[in-house]
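Architecture at a glance
Here is what each chain is made of, one letter per residue.
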Amino acid sequence: KDAATASARAGSPSAPPPLANFTNRLSSAAVFIENQGQFDQRVKFQAKVGGKTAWLTAEGIVFDVTRPAAGDTPKNRISGLPESGSALKPLAVASGRPVREAQQLDRLVFAEDLVQADCCSKVEGKNPQPGVYNYFQSRDPKEWRTNVRGYAEVVYHDVWPGIDLRIYGNGSDLEQEFIIQPGGDLSQVQISYRGIDGLNVAKDGSLEVATAFGTLRETKPRLY
């Protein structure tokens, strides 16, 4: 099988340091937690490390990032965006503008969308991890979610005809692999961004993604 691998790497020795010490790394211990009703209904899986959260939806990935607030950052509210402590409604339209949280944190939401993907494709967790997660988010036991599993990777099946998407942690990176089945058309693989300031292809083929928090890099895709 051929696969196109796009690695979101930031802060590597060969790359310029990211602005404001911002990267989109998750971690080597990234766990993808299945949504059993404890998150917004659009969420399939969540991966979170510190102030960085990746919400995996049928349409792509929504990145929800916080950092200590800069002293003079203007207060911009994104319509419909909850406080960072809320796990129920995280998916406001990504505006690319920082939001000042009550806890003196700046928050940025942006998205990586799968263009013209099959919105009903099966999204499956693979390689279950030890332990379970319990969510007691109200006084009503009917709203509780217990024994929720976490996984080491997530696979989008037939996100385009004959093409699967595999997402997993690799060291300090979040890896994305497009698995092309026999007869699959690689040209269907298209990614778009919302809530960013701009895109630039560097001389080495990597993609520079400019955001209000700084620039992150995705390495040049590899075929194998």
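Below you will find a few notes about this structure.

Reading the values: rules and limits
- Residues numbered from 1 in each chain as written.
- Predicted model: local features only at pLDDT ≥ 70, side-chain atom pairs only at ≥ 80, totals over all residues.
- Heavy atoms only, no water.
- Core = buried A, V, L, I, M, F, W, Y, C linked by side-chain atoms within 4.5 Å.
- Buried < 20%, exposed > 50% of the residue type's maximum accessible area, 1.4 Å probe, protein only.
- Helix = DSSP H or I, 4+ residues; strand = E, 2+ residues; numbered from the N terminus.
- Contact = heavy atoms within 4.5 Å.
- Polar contact = N/O pair within 3.5 Å; in protein donor to acceptor, adjacent residues only side chain to side chain.
- Lys, Arg positive; Asp, Glu negative; His and termini not counted.
- Salt bridge = Lys/Arg side-chain N within 4 Å of Asp/Glu carboxyl O.

Remarks on the nonpolar core
Residues Phe32, Leu56, Tyr156 and Ile167 are the most contacted members of the largest nonpolar core, which totals 27 residues. Listed by contribution, the elements that provide at least two residues to this core are strand E3 (43-49), strand E4 (52-57), strand E5 (60-68), strand E7 (105-114), strand E11 (150-160), strand E12 (163-170) and strand E13 (173-180). Per-element tally for this core: the top contributor is E11, with five residues. Setting aside residues no more than four positions away along its own chain, Tyr156 makes contact with Leu56, Thr57, Ala58, Gly60, Leu114, Ser121, Lys122, Val123, Ile163, Asp164, Leu165 and Ile167. By size, the runner-up hydrophobic cluster in this structure holds ten residues, among which are Ile33, Val43, Val62 and Val148.

Focus: unusual backbone geometry
Most peptide bonds are trans, and most residues other than glycine sit at a negative phi. Backbone geometry places Asn147, a non-glycine residue, at a positive phi of 55°. The exposure class assigned to Asn147 is exposed, which follows from its relative accessible area of 52%. The phi angle at Asp158 is positive, at roughly 50°, despite the residue not being glycine. Topologically, Asp158 is positioned in strand E11. Assessed through its relative accessible area of 42%, Asp158 is described here as partly exposed.

Things to note about the environment of Asp64
Relative to the helices and strands, Asp64 resides in strand E5. Sequence separation between Asp64 and Thr53 is eleven residues, and the spatial gap between their C-alpha atoms is 5.0 Å. For Asp64, the side chain forms a polar contact with the side chain of Arg107, separated by 2.5 Å.

Side note on the side chain of Glu112
Position of Glu112 relative to the elements: it lies in strand E7. Buried and unpaired, Glu112 has Arg194 as its nearest opposite-charge partner, separated by 11 Å. Side-chain polar atoms of Glu112 contact the side chain of Gln176, separated by 2.9 Å.

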